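# Observations on the model geometry
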Amino acid sequence: MTTAAGEKVQFELGTLHVLENRAASNSRVIDVGFARLRAARPTRAAPIVFLPGGPGNSYLDAFTETDENSRRRLENFRRYSAVADVIVLDQRGFSRRGTTLRAPDAVPAPLDRPSSVEAESAAYRAFAAAAIAANPDHDLSGYHVRECVEDVAELRRALGYAKLNLLGGSFGSQWSFAVLRLHPEIVERAVLYGVEPLDDGIDMPSHLFAALQRIAFDGDRAPNLQPYLPPGGLMAAVRELRDRFARAPVTVKVRVPETGKTESVVLGLADLQNALLPDDADAWPAFILSLYHGHYEAWAREELARRRRSKFSSVILPLIDSGLGVSATRSHRLHTDPATHYLGTWSFEPYEGSRPAWPTPDFGDALRAPAPSEVPVLLVNGDWDTSTPIENMLQIAPYFPRGRVMIVHRGVHEQLTRMTRHQPEVFDAILEFYRSGATAKLPAEISLPSPTFATPAFPPPARR
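Residues numbered from 1 in each chain as written. Predicted model: local features only at pLDDT ≥ 70, side-chain atom pairs only at ≥ 80, totals over all residues. Heavy atoms only, no water.

In this section: the overall build of the protein chain. Each helix and strand in the protein chain was counted, giving 18 helices and eleven strands. Its C-alpha atoms give the protein chain a radius of gyration of 23 Å, within 12% of the compact-globule value 23 Å for 464 residues. Considering only C-alpha atoms, the protein chain reaches an extent of 70 × 50 × 45 Å along its principal axes. Taken over 464 residues, the protein chain has a buried fraction of 54%. Partitioning the intrachain contacts of the protein chain with sequence separation of at least 6 by distance along the chain shows that 80% fall at a separation of at least 24. Carbon together with sulfur atoms contributes 51% to the accessible area of the protein chain, which is approximately 19600 Å² in total. Looking at the protein chain, you have 52 positive and 55 negative side-chain charges, and the mean spots of the two groups are 2 Å apart. (Helix = DSSP H or I, 4+ residues; strand = E, 2+ residues; numbered from the N terminus. Rg over C-alpha atoms; globule rule 2.2 N^0.38 Å. Buried < 20%, exposed > 50% of the residue type's maximum accessible area, 1.4 Å probe, protein only. Contact = heavy atoms within 4.5 Å. Areas by Shrake-Rupley, 256 points an atom, 1.4 Å probe, with all protein chains shown as cover. Lys, Arg positive; Asp, Glu negative; His and termini not counted. Charge placed at Lys NZ, Arg CZ, Asp CG, Glu CD.)

Okay, structure coming up:
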């Protein structure tokens with residue numbers, strides 16, 4: 001493989017053979033792919049094992065593909081190889097070089113009525129039944145986070161390492177927390193970003209809403225957005241939209257470029273609640289202001305595509321999430337959280353309603369509960385993260401007395417790569433943490449510059 005600059009990169013691709021269900025005496029063997037990038041020079045540091053997020057992500061394309069995203073991933077892994085071997089491990093059931101569970105075909109949702117949490121919950125249960133039927137030759141009860149942990153431990157033994165360093169974001173951090181809980185003796189150090197503790201697989205609506213408020217603070221001050229803002233700014237627009245769609249749904253006609261046909265999509269309060277959390281913080285203010293001023297077409301096209309695609313990108317995601325679940329205490333907090341007024345119960349009700357349909361065993365409240373750990377861990381989270389809000393990190397940090405916290409102001413989900421490219425001295429400090437455990441140069445807080453927010457795609461309205 002060569003980098004964008006034409007440099008040759010040497011690496012190894014391998015396959016780990018593991019039991020599908022270690023609790024079953026007659027378990028079949030499945031395959032999990034991995035790659036290893038040797039350290040640039042001999043080092044005493046433990047290898048850095050990268051655990052991907054999702055569930056349902058594989059980053060082995062960094063070693064097999066030549067598109068821009070794959071090359072960027074490869075270059076990122078090379079940066080870590082300055083201090084140690086780097087190992088990239090796939091997830092069981094979603095492996096480019098191993099076993100991948102078959103996902104059933106998507107069942108489109110109707111366009112002539114608003115979405116609802118009840119209908120979404122029924123669709124999740126139907127997907128579970130279809131996924132089980134699509135994989136009759138697999139023991140799906142073996143696809144849970146504890147088996148993922150044992151895959152890490154088995155890989156360590158197979159490659160002959162005494163200990164491992166962990167690197168994980170989003171579900172990769174949750175997977176790492178499970179390794180720290182079940183096999184702390186094999187972990188030297190860990191860097192976790194987009195922090196998702198074991199009991200935080202479903203995010204608290206008020207924590208997500210707080211991230212929106214922080215994005216809105218900067219958005220309200222962006223010069224290009226001033227002509228579009230209502231009195232009270234972006235959060236006032238959110239409040240008005242919530243009340244507007246609570247009163248009645250709207251029907252939006254959109255032209256579908258792929259077919260040239262015009263389709264009608266009915267959008268209601270639940271659709272709005274499901275759409276409020278952004279994939280792109282830079283575009284979120286323009287999205288909110290477009291809806292506020294009655295420009296629904298772009299949103300309707302996105303919603304049409306959402307209703308036609310599968311509920312899950314992979315079967316491993318709901319399998320692992322159903323086994324992790326949440327504690328009874330967290331479930332109560334989710335159901336009584338005041339921000340469900342704005343965000344609804346999309347983030348938890350469909351998952352909770354479909355959990356009994358999946359065969360994965362429950363992880364258990366005793367293992368979900370936070371526990372003290374002496375392993376040195378660096379926790380990194382952005383305060384604009386609407387996938388794993390920063391409150392997750394702040395609540396788990398006290399359980400790691402030898403840990404450090406790094407807050408990235410204006411940082412979004414899985415921010416580590418962008419942040420360290422913006423401030424290379426911080427990345428050097430992370431490498432030194434992996435190399436020696438030194439933390440003196442790790443900052444507690446970092447501020448990224450305010451982004452150039454997108455401008456709504458229509459002229460500013462006339463001021464009244």
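After that view, the rundown keeps rolling.
The subject of this paragraph is helix α7 (residues 233–247). An ideal rise of 1.5 Å per residue puts 21 Å on 15 residues; α7 measures up with 22 Å between its terminal C-alpha atoms. The complete set of buried residues in α7 reads Gly 233, Leu 234, Met 235, Ala 236, Ala 237, Val 238, Leu 241, Arg 242, Arg 244 and Phe 245. (Expected span 1.5 Å × (residues − 1).)

With that settled, consider the pattern of salt bridges. Tallying each qualifying case throughout the model produces 27 salt bridges. Linking Arg 22 and Glu 147 is a salt bridge whose minimum nitrogen-to-oxygen distance equals 2.4 Å. Taken as a pair, Arg 22 in the loop between β1 (12–19) and β2 (29–37) and Glu 147 in helix α4 (residues 145–159) lie far apart in primary sequence, 125 residues in all. We classify Arg 22 as partly exposed; its relative accessible area is 26%. The residue Arg 308 makes a salt bridge to Glu 263 at a minimum N-O spacing of 2.8 Å. You can see Arg 308 sitting in helix α10 (residues 297–308) and its partner Glu 263 sitting in strand β8 (residues 262–267), a full 45 residues away along the chain. What makes Glu 263 partly exposed here is its relative accessible area of 21%. One connected set of salt bridges, linked through shared partners, spans Arg 22, Arg 92, Glu 147, Asp 151, Glu 154 and Arg 157. (Salt bridge = Lys/Arg side-chain N within 4 Å of Asp/Glu carboxyl O.)

Let us look at the sheet that holds strand β6 (residues 187–193). Spatial ordering of the open sheet is given by β1-β2-β4-β3-β5-β6-β9-β10-β11, a layout of nine strands whose pairing is mixed. On the outer flanks of this sheet lie β1 and β11 (445–447), each paired with one strand and no other. With direction set aside, neighbouring strand axes in the sheet form an average angle of 20°. Set on the sheet, helix α2 (residues 68–80) makes contact with β2, β3 (48–51), β4 (86–89) and β5 (164–169); between it and β4 the angle comes to about 135°. Sheet strands touched by helix α5 (residues 171–182): β3, β4, β5, β6 and β9 (377–382). Its angle to β5, the strand with the most contacts, is close to 145°. (Pairing = 2+ DSSP bridges. Axes fitted to C-alpha atoms, helices over the stretch in contact; angles between N-to-C directions.)

Here the focus is the packing of aromatic side chains. The relation between two aromatic rings is expressed through the spacing of the ring centres and the mutual angle of the planes. Summed over all chains, the structure comprises 21 aromatic pairs. Between the aromatic rings of Phe 177 and Phe 400, the centroid separation amounts to 5.9 Å while the plane-to-plane angle is 45°, which identifies the pairing as tilted. Of this pair, Phe 177 sits in helix α5 while Phe 400 sits in the loop between α16 (390–396) and β10 (404–409); the two residues are 223 residues apart in sequence, bridging distant segments of the chain. Phe 177 sits in the buried class, given a relative accessible area of 6%. (Phe/Tyr/Trp six-rings, centres within 6.5 Å; stacked < 30°, edge-to-face > 60°.)

Residues lying three or four places apart along an α-helix face the same way, a consequence of the helix completing one turn every 3.6 residues. End to end, α10 covers 17 Å across twelve residues, agreeing with the expected 16 Å (1.5 Å per residue, within 8%). For α10, the complete set of buried residues consists of Trp 299, Ala 300, Glu 303, Leu 304, Arg 306 and Arg 307. Seen end-on, α10 carries its buried residues on one side only, within an arc spanning 165°. Those residues of α10 that are buried are in contact with α3 (117–134), α7, β7 (250–255), β8, α8 (269–275) and α9 (284–292). (Arc of directions from axis to C-beta.)

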